[in-house]
Amino acid sequence: MEEKDVVYLEKKDQGIAVLYLNQPKKKNAISAVMMDMLCRYLAELDRDEETRVILLRGAGDNFSTGGDLSQGGPDMTIEDSRRLLRRYIAAVKGIRQTGKPVIAVTDGYVVGGAVSLVLACDLVVASDKTVFIPNFCAIGIIPEMGIMAMLQQLAGPQRAKEILFFGKRFGAGEGFDMGIVNQVVKKEELEEKAFQYAKKLSAISANSISITKGIMNGAADPMVGAVMEAESTASPFCTRTGEYREMAARFSKK
């Protein structure tokens with residue numbers, strides 16, 4: 001069987017393109033290389049006149065368990081960490097800025113930065129087995145990839161702070177109640193329902209959808225951009241503190 005890249009593309013009928021995060025052995029942990037490839041595909045699909053809707057999902061039973069912990073190392077400087085994080089931030093910007101609507105299709109675990117990727121999408125279809133875990137503060141770093149802005153825009157500042165401070169996990173149903181998830185479906189019906197949703201969207205005027213997305217994200221994204229710019233310096237600082245080293249050591253023993 002041919003081995004697929006860490007992100008791969010499948011084009012379906014009715015102008016639907018599916019992007020898969022593909023590290024199933026690591027439960028689709030997101031790496032900088034994966035984010036680079038996601039950016040390239042988003043740019044390619046943005047230029048493709050036949051593509052009308054993009055689905056973003058994880059290969060296998062999980063959307064993504066968050067950052068790939070095999071990256072970096074003791075010799076990584078703050079400058080290196082900042083450059084690395086900005087590659088992740090570029091993927092969020094790619095989702096927000098493409099003229100094509102992006103639908104996140106989630107199942108299983110959605111952890112850390114993967115939650116940010118989902119929030120960056122325009123619509124979310126989640127299986128009833130989806131579990132969101134934005135566990136940044138719990139491991140001694142700050143929330144990354146724009147989630148501090150996007151989550152409070154969707155759920156309100158007080159609810160967002162509670163979720164991010166405590167790394168509170170929540171399911172698809174609670175995500176629906178907060179306005180994060182658009183549709184909750186049974187796990188065994190996820191693919192069918194996601195494609196039905198995408199086909200319904202693809203039948204609507206592409207220009208109308210693109211312009212509407214651009215205006216709405218254009219109104220919201222100055223805050224998102226400012227937060228991501230600040231976090232690209234603040235998060236690398238956190239990883240150099242003694243407190244972070246202690247928490248990381250405890251986390252690695254679990």
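The rules we used
- Residues numbered from 1 in each chain as written.
- Predicted model: local features only at pLDDT ≥ 70, side-chain atom pairs only at ≥ 80, totals over all residues.
- Heavy atoms only, no water.
- Helix = DSSP H or I, 4+ residues; strand = E, 2+ residues; numbered from the N terminus.
- Contact = heavy atoms within 4.5 Å.
- Core = buried A, V, L, I, M, F, W, Y, C linked by side-chain atoms within 4.5 Å.
- Buried < 20%, exposed > 50% of the residue type's maximum accessible area, 1.4 Å probe, protein only.

As for its placement among the helices and strands, Arg57 is situated in strand E3 (residues 53–58). Setting aside chain neighbours within four positions, we find Arg57 in contact with Val18, Leu19, Tyr20, Leu21, Phe63, Val105, Leu190 and Glu191.

What follows concerns the nonpolar core. Residues Leu19, Leu38, Leu56 and Leu117 are the most contacted members of the largest nonpolar core, which totals 54 residues. Among the elements that take part in this core, helix H1 (residues 32–47) stands out by supplying eight residues, more than any other. Ignoring anything within four residues of it in the chain, the contact list for Leu56 reads Leu19, Leu21, Leu38, Phe63, Ile95, Val102, Ile103, Ala104, Val105 and Cys121. Counting 17 residues, the second largest nonpolar core, distinct from the first, contains Ile16, Tyr20, Ile103 and Val185.

On to unusual backbone geometry. A positive phi angle, close to 60°, is found at Gln14, a residue other than glycine. Turning to its location among the elements, Gln14 is positioned in the loop between strand E1 (7–11) and strand E2 (16–21). Take Gln14: its relative accessible area is 43%, and that puts it in the partly exposed class. The backbone of Lys27 shows a phi angle near 55°, a positive value even though the residue is not glycine. Relative to the helices and strands, Lys27 resides in the loop between E2 and H1.

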